[in-house]
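Architecture and fold: a report
Listed below are the residues making up each chain.
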Amino acid sequence: VEDIARWAHILFKGNVIKQESVQRMRQFVAITGTGATWTGYGLGIQRYSANGIELWGHSGSISGSSSLMVYSPLLDISIALVDNDHGANHFGTVLAILPFLQSNLNQ
């Protein structure tokens, strides 16, 4: 999980591929029918909205496992969650911890 969070951070900061490529990844197309949290899709990344904070990342699942990786450009933090419960609500966890992170990062 730590490696996934680190990957999100260095990817979106432009430390792995050219910043121009990262900007092209972030050319999001609006998504409808996925609820209020997943708001767009770019080149291999999803755009989310959590408590008014834009996040970039990706989610995935396979039988018996699910994961979510997000990066907040506003807070300059990455969050990664992985478990062996296919029904887990990772985005609910992100929504729960973001206010704590935001208040502690702004001090």
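Preceding this section is the structure that the text describes.
Thresholds applied
- All residue numbers refer to position in the chain's written sequence, counted from 1.
- It should be noted that, the model being predicted, local features are given only for residues of pLDDT at least 70 and side-chain atom pairs only at 80 or more, the latter also being counted only at that level, while totals for whole chains, interfaces and linings use all residues.
- Values shown for side chains rest on all heavy atoms present in the structure; no hydrogens or waters enter the calculation.
- When two rings of Phe, Tyr or Trp (its six-membered ring) have centres within 6.5 Å they constitute a pair, described as stacked for plane angles under 30 degrees, edge-to-face for angles over 60, and tilted for the intermediate range.
- Every helix listed is a DSSP run of H or I at least four residues long, and every strand listed is a run of E at least two residues long, numbered separately from the N terminus.
- Relative accessibility under 20% of the residue-type maximum defines a buried residue, over 50% an exposed one, and the middle range a partly exposed one, all with a 1.4 Å probe and only protein chains included.
- DSSP-based pairing: two strands are paired if at least 2 bridges between them are found.
- The contact criterion used throughout is that any non-hydrogen atoms of two residues lie within 4.5 Å.
- Every axis corresponds to a line fitted to the C-alpha atoms, with the helix fit spanning only the stretch in contact, and the corresponding angles, defined between N-to-C directions, vary from 0 to 180 degrees.
- Residues enter a patch when their relative accessible area is above 30% and they make no salt bridge; the linking distance is 9 Å between like charges and 5 Å between nonpolar side chains (Val, Leu, Ile, Met, Phe, Trp, Tyr).
- Each accessible area value is a Shrake-Rupley result obtained with a 1.4 Å probe; residue values ignore everything except the protein chains displayed when judging cover.
- Should a side-chain nitrogen of Lys or Arg be within 4 Å of a carboxyl oxygen of Asp or Glu, the pair is scored as a salt bridge.
- Helix span, expected: 1.5 Å multiplied by one less than the number of residues in the helix.
- Bend is computed residue by residue as the angle between axes fitted to the seven residues ending at the residue and the seven residues starting at it.

Description of the packing of aromatic side chains
Counted under the stated rule, the structure contains five aromatic pairs. Note on Phe12 and Trp56: the rings are 5.6 Å apart at their centroids and 65° apart in plane angle, and the pair reads as edge-to-face. Taken together, the residues span a long stretch of sequence, with Phe12 in helix α1 (residues 2-12) and Trp56 in strand β4 (residues 53-62) at a distance of 44 residues. For Trp56, a relative accessible area of 8% puts it in the buried group.

Topic: the sheet that holds strand β2 (residues 38-41)
Pairing within the open sheet is antiparallel, and its six strands lie in the order β1-β2-β3-β4-β5-β6. A strand with exactly one partner marks an edge of an open sheet, and here the two such strands are β1 (29-30) and β6 (77-83). Sheet topology places β4 next to strand β5 (residues 65-72); seven bridges connect them, and they run antiparallel. Residue pairing in the sheet places Gly57 in a bridge with Val70 of β5. Contacting β3 (46-50), β4, β5 and β6, helix α3 (residues 90-105) runs over the sheet at an angle of about 150° to β6.

Considerations on a nonpolar patch on the surface
Taken together, Trp7, Ile10, Val16 and Ile17 make up a surface patch of nonpolar side chains, about 300 Å² in accessible area. Structurally, Trp7 is set in helix α1.

What about the pattern of salt bridges?
Considering all chains together, one arrives at three salt bridges under this definition. Each member of the salt-bridge network shares a partner with another, and the members are Glu2, Asp3 and Arg6.

Considerations on the environment of Val70
Tracing the sequence through the fold places Val70 in strand β5. Classification of Val70 as buried rests on a relative accessible area of 1%. For the pair Val70 and Ser49, spaced 21 residues apart in sequence, the C-alpha separation works out to 11 Å. Setting aside anything within four residues of it in sequence, one finds Val70 in contact with Ala8, Tyr48, Leu55, Trp56, Gly57, Ile77, Ser78, Ile79 and Val94.

A few points about the environment of Val1
One can find Val1 in the segment before α1. Overall, the relative accessible area of 52% leaves Val1 in the exposed class. With 39 residues separating them along the chain, Val1 and Gly40 place their C-alpha atoms 24 Å apart. Setting aside residues no more than four positions away along its own chain, Val1 makes contact with Ala80, Leu81 and Val82.

Notes on α3
Over its 16 residues, α3 extends 21 Å from the first C-alpha to the last, a length consistent with the 22 Å expected when each residue adds 1.5 Å. Of all the bends found along α3, the most pronounced is centred on Ile97 and spans about 35°, while Pro99, a proline, follows it within four residues. Those residues of α3 not exposed but buried are His90, Phe91, Val94 and Leu98. Residues of α3 that are buried make contact with β3, β4, β5 and β6.

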